[in-house]
Every structure is written in C-alpha cells, then in structure tokens.
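Descriptive analysis of the structure
Next come the chains, spelled out residue by residue.
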Amino acid sequence: MTLRRRALLRTFGLTAIGTQLLPIAQINLSPKSAIEPRRLQIGDTIALINPAAFNYEKEVQPFFKVLDNLGLKVKLGEHFYDRYGYLAGKDTDRAADVNAAFADDSVRAIFTGMGGWGCGRILPLLDYNIIGNNPKIIMGFSDITALLLAIYAKTNIVTFHGPLGVSNWSSFTVDYVKKVLFEGSSVTLKNSKSVQVETIWRGTARGKLIGGNLSVIAAMVGSAYLPTWENSILFVEEVGEEVYRIDRMLTQLKLAGILDKISGFIFGQCTKCEAEKPQESLTLPQVLSDHIRPLKIPAWYGSMVGHIQDKFTLPIGKQVEIDANSGTIRLLESAVN
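Here goes a summary of the coordinates provided. Model, not experiment: these values are computed from the prediction. (Residues numbered from 1 in each chain as written. Predicted model: local features only at pLDDT ≥ 70, side-chain atom pairs only at ≥ 80, totals over all residues. Heavy atoms only, no water.)

1. Some remarks on the packing of aromatic side chains
Scanning all chains against the criterion turns up 11 aromatic pairs. Their ring planes at 80 degrees and their centres at 4.9 Å tell us that F80 and Y81 sit as a pair that is edge-to-face. Look at F80 and you get buried, because its relative accessible area is 0%. In this structure Y81 comes out as buried when scored by relative accessible area, which is 2%. In this structure an aromatic cluster arises from ring pairing among F63, F111 and W169. Between K154 and the ring centre of Y225, over which it is positioned, the NZ or CZ distance is 5.1 Å. (Phe/Tyr/Trp six-rings, centres within 6.5 Å; stacked < 30°, edge-to-face > 60°. Buried < 20%, exposed > 50% of the residue type's maximum accessible area, 1.4 Å probe, protein only. Lys NZ or Arg CZ within 6 Å of the ring centre and 35° of its normal.)

In structure tokens form, the structure reads like this:
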C-alpha cells in the first residue's frame, strides 16, 4: 500500500566471568583526526529520511512531537513515504535523499525513520565528496549501521548510533541525545540501575568507538565500507537471532581478523535471541566467553545499546575509555563542535 504524506509535512519536503585486572591499553591516535559535525541547537532544522525499510505514517507521527519538544524543525526527505516492497522506495531515490540532506545548507543534522534492511544497497550510490564537504550529525541504529560505518570510513566524519524516528524516545534516551548532540558533553554512559552488566574480562581500555548491529557488520565484511579496526572498541547489538547465529557472526569477525585487532568489546542487548531448543543450544554467555575471553581484552555484556526502549547515543569514531568492571563508556572529548 502506498502511503500518502500529510499536507503539512509535505511542505517541508527535501529535493561474567573474567577476573584479571588489566591496565589501561595505550592507544596510537590516527594522524587523521575524526571530523566532528556541528552540535545541535534549539531552532535547528533536521532532515528526516528513510534510507532502509519503509514505515507506516502512523508509526512515525509521535516523533514529530519529540522533535518539537527538542526545539527542532523538520524537513522530510522527498521520498520519505515511498515504498518499494519492504524498502522505502527505489535505491536511487533513497540515496538521493541522503545526498540531498547533506547538500542542503539549511539542514543541520540528519535523523532516520526506520531500520529494517536497505542501507547496504545504496552505499555505492552515495556522493562521499558532498558528504565529506558538509559534515553533519547523522543518527540511527539497526540497519542504519551500514550507513553510519560507511560514512565514517569514507569521510572520517563522526556518526551517531542512537534512536530512530520510530523508537521509543524515553526520558533516558532523550537525555543522552541532549548530552551528546546538543551539549557536546564528555559524558560517561552508564546503565540504569535496573539493567545489570556481566563482565566477560575485567579491565579498562581506550580506543576509537566503532560498532552497531552485528549482522549488518558481518554482512559488510570484505567490502570497502568498513573502517579500520586497530585500537578500536567494538560494540555490537542484535535482535531476533538465535544463539547459534550470534556464534556464526562472531566467528566471521574472528576469521576476518577483526576481533584480533580490537582493544575492547561491548555486547549490548540481544532482544528476542532465545534458542528455539535451549536444551540443544549453547547459551549466549557461553558463546561470548568462547570468542572474547581468549582475546584478554576488557569486555562485557548487557550495555544499553540495541533494540530496547532506553538506549545510549554513541559517537562512532570518537575516542572513549571503557571500564568492563562497571560497564561504563566515557567519552574522552566532545563528539560535536
């Protein structure tokens, strides 16, 4: 079914285990520093685009009130409500909305409506010269991982793993969006008291923060759209995958040499990842222990990252310090300028 845009919105369209305490790992900063996009301010205009799956109009309507409460104006991508099967329009049109949002001088940041699948299809169609010459905040998660990693890899612009338009913008979520994107705070991201973390290997480490959805990252292995992994802190999350699939994807990262290069590891939430036959399956902690403990790097499971109501806003490409004992992520500098 083709979705119709509301007339008002159309006017805004755009053409547990470890015990060894390790010292803080020393990092070698890249000679090419990450590029921080401009911070958000009240009154700014953000572009809202759908580079992956489509969403129903009613699903995204509450988000406009969130933006209003944040003091932000919105421009919809020209093809925001398009639909092509499970995609939000044809590849060329979704890519055009990304390029247009970066090229539009009136747009200060880019938010995404929906995840699902589709970003990988448009990566070769993006104009990385336009994007690189117009650094802007771009935020999302799930399938948007492909877009965030590709833009960082190709342009060195810091991108942001955070809520989608269809997300539940809880007070916890909004608070971290404000601290990271508006205030530019060197904030420490810490789970709420109700969400416990399980340490895989104790210790602290520093490195550039890189990550996102595990299945998306695994699917990108071997492409030209992943950043370098040396001295990085890898964070991943997942939804709707059985434990053996998590095992398979972590094995892929291991075989590709990625796990051997990282300085720290964070597994967020794995929502709806229960085994269909638990009595015939390894547990997720067992799989994580098998893959991560041999690396002897600070690591934990249970960070507030993923397909959950309350979530962090994480800057991809910025230097952080992690503490696997407490499950905290401390930004060492502002992620925006």
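2. Overview of the side chain of K311
Tracing the backbone shows K311 in the loop between β11 (299-301) and β12 (314-316). A distance of 2.6 Å separates a polar atom in the side chain of K311 from the backbone oxygen of I308. Setting aside its immediate chain neighbours within four residues, K311 contacts F141, G162, P163, S167, F172, T173, Y176, M304 and G306. (Helix = DSSP H or I, 4+ residues; strand = E, 2+ residues; numbered from the N terminus. Polar contact = N/O pair within 3.5 Å; in protein donor to acceptor, adjacent residues only side chain to side chain. Contact = heavy atoms within 4.5 Å.)

3. Let's talk about the sheet that holds strand β9 (residues 232-239)
Pairing is mixed across the open sheet formed by 8 strands, whose spatial order is β6-β14-β13-β8-β9-β10-β11-β7. The sheet terminates laterally at β6 (188-190) and β7 (198-201), the two strands that pair on one side only. Averaged over all adjacent pairs, the angle separating strand axes in this sheet is 30 degrees, with direction ignored. The pairing of strand β8 (residues 204-213) with strand β13 (residues 319-323) spans 5 bridges and is classified as antiparallel. (Pairing = 2+ DSSP bridges. Axes fitted to C-alpha atoms, helices over the stretch in contact; angles between N-to-C directions.)

4. A closer look at helix α2 (residues 57-69)
All of the buried residues in α2 are E57, V60, F63, F64, V66 and L67. Angularly, the buried residues of α2 cover 160 degrees about the axis, an arc narrow enough to put them on a single face. Facing away from the buried surface of α2 by more than 90 degrees, the exposed residues are K58, P62, K65, D68 and N69. At the C-terminal side of α2, G71 shows a positive phi close to 80 degrees. (Arc of directions from axis to C-beta.)

5. So, unusual backbone geometry
Despite not being glycine, K272 shows a phi value in the positive range, around 55 degrees. You can see K272 is positioned in the loop between β10 (264-271) and α10 (284-292). For K296, which is not a glycine, the phi torsion comes out positive at approximately 55 degrees.

6. Section: the sheet that holds strand β2 (residues 73-76)
If you trace the 6 strands from one edge of the open sheet to the other, you get β2-β1-β3-β4-β5-β12, paired in mixed fashion. One side of each edge strand has no neighbouring strand; the edge strands of this open sheet are β2 and β12. Going across the sheet, the axis of each strand differs from the next one's by a mean of 30 degrees, ignoring polarity. Pairing of strand β5 (residues 159-161) with β12, which is carried by 3 bridges, proceeds in the antiparallel orientation. In the strand pairing of β12, T159 is matched with I316. The strands touched by helix α6 (residues 145-155) are β4 (137-140), β5 and β12; relative to β5, the strand with the most contacts, the crossing angle is about 155 degrees.

7. Focus: the state of the cysteines
Under the defined criterion, the tally for this structure stands at 1 disulfide. What pairs with C270 in a disulfide is C273, and their sulfur atoms sit 2.2 Å apart. Given an S-S torsion of about -85 degrees, the disulfide between C270 and C273 has left-handed geometry. Given a relative accessible area of 13%, C270 falls into the buried group. (Disulfide = S-S within 2.5 Å.)

8. Focus on the pairing of strand β3 (residues 109-112)
Put simply, side chains in a regular strand alternate between the two faces of the sheet. Because side chains alternate across β3, one face comprises the buried residues A109 and F111, and the other comprises I110 and T112, equally buried. As defined by bridge partners, strand β1 (residues 45-49) adjoins β3 across 4 bridges and the pair is classed as parallel. Counterpart to I49 in the pairing with β3 is T112. Of the strand pairs in this sheet, β3 and β4 are connected by 3 bridges, and their pairing is parallel. Bridge pairing in β4 links F111 to M139.

9. A word on the pairing of β2
Residues V74 and L76 point to one face of β2 and are all buried, whereas K73 and K75, pointing to the other face, are not buried. One ladder, built from 4 bridges, connects β1 with β2; its direction is parallel. If you follow I46 over to β2, its bridge partner there is V74. Handedness of the crossover joining β1 and β2 through α2: right-handed. (Right-handed = clockwise from strand over helix to strand, strands pointing away.)

10. Describing the environment of K154
Structurally, K154 can be placed in helix α6. What makes K154 partly exposed here is its relative accessible area of 39%. Those residues in contact with K154 that sit more than four places away from it in its chain are Y128, A224 and Y225.

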